[in-house]
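Commentary on secondary and tertiary structure
Residues per chain are reported as follows:
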Amino acid sequence: MKGLSMGEWSLIARYLKQEASEGDLYQLHLLIDRKPALRETLEILGREIKAADNGTESFDADRALHKLDERLKKEKLI
């Protein structure tokens, strides 16, 4: 998952915040096609957001993206 651009990170953030437009969703689909490992990461983050929506914990999208970035770097994917 090397080389994600700022625009791609922004797209991921909009998706996680459920603010993605139809065009964004199309672009995200293309990104996942190019970087399949992203699908699992988005699923994990989606579960964390759902848990936060249920009041079990607060969700910080910026913190989650930072954790994702650190994980991808640790795994040498970016």
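Residues numbered from 1 in each chain as written. Predicted model: local features only at pLDDT ≥ 70, side-chain atom pairs only at ≥ 80, totals over all residues. Heavy atoms only, no water.

Some remarks on the packing of helix α1 (residues 6-16) against helix α4 (residues 61-74)
Rules: Helix axes are fitted only over the stretch in contact, all axes being lines through C-alpha atoms; the angle between N-to-C directions runs from 0 to 180 degrees. Strands are runs of DSSP state E lasting at least 2 residues, helices are runs of H or I lasting at least 4, and numbering of each runs from the N terminus. The cut-offs work like this: below 35 degrees is roughly parallel, past 145 is roughly antiparallel, 65 to 115 is roughly perpendicular, and the gaps in between are oblique. By convention, the crossing between two helices is left-handed when the near helix turns anticlockwise from the far helix through less than a right angle, and right-handed when the turn is clockwise. Residue contacts are counted whenever heavy atoms from the two residues lie within 4.5 Å of one another. Side-chain classes are defined by residue name, with Ala, Val, Leu, Ile, Met, Phe, Trp, Tyr, Cys and Pro counting as nonpolar, Asp, Glu, Lys and Arg as charged, and the others, Gly among them, as polar.
One way to put it is that α1 packs onto α4 with a least axis distance of 11 Å and a crossing angle of 130°. When the interaxial angle is binned, α1 and α4 end up oblique. In the crossing of α1 with α4, the sense of the turn from one axis to the other is right-handed. Only L65, L68, D69 and L72 of α4 make contact with α1, whose side of the interface consists of W9, I12, A13 and L16. In the contact of α1 with α4, the residues fall into seven nonpolar, no polar and one charged.

Quick look at the nonpolar core
So the rule is basically this: We define a nonpolar core as any set of buried Ala, Val, Leu, Ile, Met, Phe, Trp, Tyr and Cys residues linked to one another through side-chain atoms lying within 4.5 Å. Note on exposure labels: buried denotes an accessible area under 20% of the residue type's maximum, exposed denotes more than 50%, and partly exposed covers the range between, all computed with a 1.4 Å probe on protein chains only.
Judged by nonpolar contacts, the single largest core of 17 residues is most densely connected at W9, I12, L16, L28, L42 and L65. Listed by contribution, the elements that provide at least two residues to this core are α1, α2 (22-34), α3 (37-53) and α4. For this core, the element with the most residues is α1, which contributes five residues. Among residues more than four places away in sequence, those in contact with L28 are L11, I12, Y15 and L42.

Quick word on the confidence of the model for the protein
Under the convention used in this document: pLDDT runs from 0 to 100 and stands for how confident the predictor is about each residue.
Averaged over every residue, the pLDDT of the protein is 85; residues scoring 70 or more account for 91%. Mean pLDDT per element in the protein: α3 is the minimum at 84, and α2 is the maximum at 96.

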